[in-house]
Amino acid sequence: MPGICVNEDIAHFYANHPHEDMTAEGCDALVDFYARFEDVSALMFCANVQSALFHSRVWERVYDGYDPDAGPDQPVLKWLDNPLDRELTLGSQGRYWIHNLQLLERRGVDHLERWLARCRERGIEGWLSVRMNDLHFNNIPDAFWHCSFWRERSDLWVDPDDESGPGRAYNYGKPEVREHHLALIRELLERYDLDGIELDWIRTPPYFTAGTEATNGQVLTDFTAAVRELAQAATGRLGHPVKVGARLPTRMESGRGMGLDGLAWAREGVVDQLVLSSLVAVIEFDMPIGEWRLALGDLPVSLVAQFGTCSYSYPGGKERGADGMIQSTPEYLRGAAAAAFGQGADAVYLFNHCYFESEHGRRERFCRILETMGSPEAIAGNSRRHAVTYPEITAPGEPDLAVLPVDLSVAAKAVFELPLGAHEEGMPWSAVVLGFDRDAASPFPHELAVSVNGASCHYLAVVSPGEPPADLPYIADPRMSFVIPSGILKAGRNRIEVASTAGRGLIVWCEIYLGQ
């Protein structure tokens, strides 16, 4: 059945909640918040960075060496440049974060155990999510994120001569790396009463030395099979199924080119769930879910579409920072979810949204998201937006797959396609929304010919406050809306064509808006 999976990440609860919440009751309250929403079907609790986020018996803990009674200049904190991060500053992923993690242990609270138990009481699946190669601060060896195994074994890095974060990623071509991570997974599956174990391969590539990614695919297939064996043992111990899931790139080709062959995992029966994911900063409104569904056939594997908290429309927009970004509003997330469900997704997945639970300024919006995106029925009747974006993750050597920007001084016309999912008749209005690069010569509205599925769209001169194009990226200016005639939009894919009689205009944003 459709639903929403929410990733409770590595720091949110500990860094963004007060010390008073580091109790069994505080852990329960987090789960209870999500249990208010009937479409929240699973919570995925992160168990690690390069160190454990709980009192592990086999991995070092991220708070090892921290002294709660010592000052801000104690050795474990010295790598933090910002003085506020060395103090107990609410919201900081410095001292405050590891202080609260250690506080839970000192109070005798196993937060993972408590969360999973509360999920079972409230009828929500409780999963543990393992980051397979967390790269945070890999360029700072002294950061408390790292364990001594990583620091002392540079021979196990992807490229020991590369001082960047990716170069210092674990190389899964090394047996020691695989066994190191299997030890953590084994502990989680032998220790906790969980509904699933998630292998988060999106945190973070690369996994092999350059040029060996595709040929090492079998290595990770065998690794996943070993996890399946551990999960089956947990199933026997607990008396209920323990699933195996994985986060991986949205495109099969990209995954295979990185050594992540999700289709092979499904065909070999070693996964129950695949979460098609971006890296961090793109909401994909046109995931190839239909291709996955066709390839999977009747295999009993759930397909889940993951969405983050913001998006860019093309890589160059990301290079322009916040000026090129939109926030993942309820309208955008409903659009992305509608398209995913329309192509055969079983559920949707929110990553990094967990922070909104404790941010009072965005909590109300988060509640609207949880109420109105978890199924086609929940989405129905609500405004939504479908934007042209791109696959954020590509394998080494793959081309850039972005279709934006389009320069109308060079191209005779721009052509875009957007899947809408189930089409609803009776929505008050729908429009194509275009944004032109503010640093380039732009056309006037009367110089543009815009059509959808072959039908001409007329320019809308007046836009209500808060409606598109008011909240497009800053780089998109001027912004123009063109009304789509009634009865033109259809379920599935819709074709947008834009031409400029003036021969100018650099399109950096394009979306279809279905409004109330």
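The structure presented is a predicted model; accordingly, all values stated were derived computationally and were not measured. (Residues numbered from 1 in each chain as written. Predicted model: local features only at pLDDT ≥ 70, side-chain atom pairs only at ≥ 80, totals over all residues. Heavy atoms only, no water.)

(A) Expanded view of the pairing of strand 1 (residues 4-8). With five of five residues buried, strand 1 is to be regarded as a mostly interior element. One ladder, built from three bridges, connects strand 1 with strand 10 (residues 347-350); its direction is parallel. Paired with Val 6 across the two strands is Leu 350, which belongs to strand 10. (Buried < 20%, exposed > 50% of the residue type's maximum accessible area, 1.4 Å probe, protein only. Helix = DSSP H or I, 4+ residues; strand = E, 2+ residues; numbered from the N terminus. Pairing = 2+ DSSP bridges.)

(B) Quick peek at the packing of aromatic side chains. Using the criterion set out here, one finds 27 aromatic pairs in the structure. Centre to centre, the rings of Phe 149 and Tyr 170 are 6.0 Å apart; their planes meet at 35°, and the pair counts as tilted. Pair noted here: Phe 149 is in helix 5 (residues 148-152) and Tyr 170 is in the loop between helix 5 and helix 6 (175-191), with a separation of 21 residues, a long-range link. Residue Tyr 170 is classed as buried on the basis of its relative accessible area of 2%. Residues Trp 201 and Phe 223 carry aromatic rings whose centres are separated by 5.9 Å and whose planes lie at 75° to one another, so their mutual orientation is edge-to-face. Taken together, the residues span a long stretch of sequence, with Trp 201 in the loop between strand 4 (196-200) and helix 7 (217-238) and Phe 223 in helix 7 at a distance of 22 residues. (Phe/Tyr/Trp six-rings, centres within 6.5 Å; stacked < 30°, edge-to-face > 60°.)

(C) Looking closely at the sheet that holds strand 10. The eight strands are arranged 1-2-3-4-5-6-7-10 in a closed barrel whose pairing can be described as parallel. Each strand of the sheet is rotated relative to its neighbour by a mean of 25°, with strand direction disregarded. Both strand 1 and strand 2 (residues 40-46) contribute to a ladder of five bridges, which runs parallel. Bridged to Asn 7 within strand 2 is Met 44. The strands touched by helix 7 are strand 4 and strand 5 (243-249); relative to strand 4, the strand with the most contacts, the crossing angle is about 165°. The strands touched by helix 12 (residues 330-342) within the sheet are strand 7 (302-307) and strand 10, with strand 7 carrying the most contacts at an inclination of about 160°. (Axes fitted to C-alpha atoms, helices over the stretch in contact; angles between N-to-C directions. Contact = heavy atoms within 4.5 Å.)

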